[in-house]
Amino acid sequence: QARGGVVVFIDSDLVVAEDFLAEHARALGEAMAGPGEGQGHFFTYGAVINTSNFDAPWTEKMKVSDHSAAFFATGNVAIPYATLMEASETASA
């Protein structure tokens, strides 16, 4: 059973770095500490780099074809649970 204040979306075919969760936590922490409109309504969106090098996937460089213009592609995203639930309630209203 999941517990905590953050939901992380990741595709089943992704290989992540050792600091994957720590980096999402760091980025969310920076966003929470920063000033600005819509305080508390944010998410992190990490890079997804396509590779067939499964022996050392972290050595793959980012390519132009790896860029995604999707606003909320769920391959590598973290969002505060409360923000997700608020969006859900707003969408169903």
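My aim in this report is to walk through the structure given alongside it, one point at a time.

Reading the values: rules and limits
Sequence order sets the numbering: in each chain, residues are counted from 1 along the sequence as written. Side-chain atom pairs in this predicted model are given and counted only at pLDDT of 80 or more, local residue features only at pLDDT of at least 70, and totals for whole chains, interfaces and linings cover all residues. Only hydrogens and water are set aside when side-chain values are computed; all heavy atoms of the structure are taken into account. Strands are runs of DSSP state E lasting at least 2 residues, helices are runs of H or I lasting at least 4, and numbering of each runs from the N terminus. In protein, a polar contact requires one atom able to donate a hydrogen and another able to accept it; more generally it is a pair of N or O atoms within 3.5 Å, and residues adjacent in sequence count only if both atoms are side-chain atoms. Residue contacts follow a heavy-atom distance rule, with two residues in contact if any of their heavy atoms lie within 4.5 Å. A pair of strands is labelled paired if DSSP reports no fewer than 2 bridges between them. Note on definitions: angles span 0 to 180 degrees between N-to-C directions of axes, and those axes are lines fitted to C-alpha atoms, for helices only across the stretch in contact. A cavity here means a set of points on a 1 Å grid, drawn over the protein atoms and nothing else, where a 1.4 Å probe fits but cannot get out; a pocket is an open set with protein on both sides within 12 Å along at least five of seven lines, and a residue lines either one if it has an atom within 4 Å of a point. Grid points are joined across faces, edges and corners, and a volume is the space filled by probe spheres set on the points. Amino acids outside the nonpolar list (Ala, Val, Leu, Ile, Met, Phe, Trp, Tyr, Cys, Pro) and the charged list (Asp, Glu, Lys, Arg) are all regarded as polar, and Gly is one of them. Salt-bridge detection follows one rule: a side-chain nitrogen of Lys or Arg within 4 Å of a carboxyl oxygen of Asp or Glu. Each residue's exposure class comes from its accessible area (1.4 Å probe, protein chains only) as a fraction of the maximum for that residue type: buried when under 20%, exposed when over 50%, partly exposed otherwise. Each patch groups residues whose relative accessible area exceeds 30% and which form no salt bridge, using 9 Å between like charges and 5 Å between nonpolar side chains of Val, Leu, Ile, Met, Phe, Trp and Tyr. Using a 1.4 Å probe, accessible areas were evaluated by the Shrake-Rupley method; residue-level cover was limited to the displayed protein chains.

## Observations concerning the side chain of T44
Alright, step 1. Checked against the element boundaries, T44 lands in strand β2 (residues 44-45).
Alright, step 2. Within the local environment of T44, its side chain forms a polar contact with the side chain of H24, the two groups lying 2.4 Å apart.
Alright, step 3. Those residues in contact with T44, other than ones at most four positions away along the chain, are H24, A27, L28, N76, V77 and A78.

## Looking at the sheet that holds strand β1 (residues 6-10)
Alright, step 1. Reading across from one edge, β1-β3-β2 is the order of the three strands in this open sheet, with antiparallel pairing throughout. The sheet is open, and its two borders are formed by β1 and β2, each paired with just one other strand.
Alright, step 2. Where β2 meets strand β3 (residues 76-80), two bridges bridge the pair, whose relative direction is antiparallel. In the sheet register, T44 faces β3, and the bridge partner there is A78.
Alright, step 3. Each of β1, β2 and β3 is contacted by helix α1 (residues 20-33), which is oriented at about 45° to β3, the strand it contacts most.
Alright, step 4. Here helix α2 (residues 81-92) sits on the sheet and contacts β1 and β3; the angle it forms with β3, its principal contact strand, is near 85°.

## A short note on the layout of surface pockets
Alright, step 1. By volume, the largest pocket is sized at about 650 Å³.
Alright, step 2. Lining of the largest pocket is provided by 24 residues; of these, V15, V16, A47, V48 and I49 occupy positions nearest its centre.
Alright, step 3. The biggest single contributor to the lining of the largest pocket is α1, with four residues.
Alright, step 4. Class assignment of the residues belonging to the lining of the largest pocket gives a composition of 13 nonpolar, six polar and five charged.

## A look at the pattern of salt bridges
Alright, step 1. Under the criterion given, the structure shown has three salt bridges.
Alright, step 2. A salt bridge links R26 to E30; the nearest nitrogen and oxygen atoms lie 2.7 Å apart. Separated by four residues within a single helix, R26 and E30 lie in helix α1, roughly one turn from each other.
Alright, step 3. Notably, a salt bridge pairs K63 with E60, separated by 3.5 Å at the nearest N-O pair.
Alright, step 4. Since its relative accessible area comes to 27%, E60 is described here as partly exposed.
Alright, step 5. Connected through salt bridges with shared partners, the residues E23, R26 and E30 form a single ionic network.

## Some words on a nonpolar patch on the surface
Alright, step 1. A cluster of nonpolar side chains, V6, V8, I10, V16 and L21, forms an exposed patch at the surface whose accessible area comes to about 380 Å².
Alright, step 2. When residues of the nonpolar patch are assigned to their parent elements, the largest contribution, three residues, is made by β1.
Alright, step 3. Here V8 lies in strand β1.

Any functional reading would require information that these geometric values do not contain.
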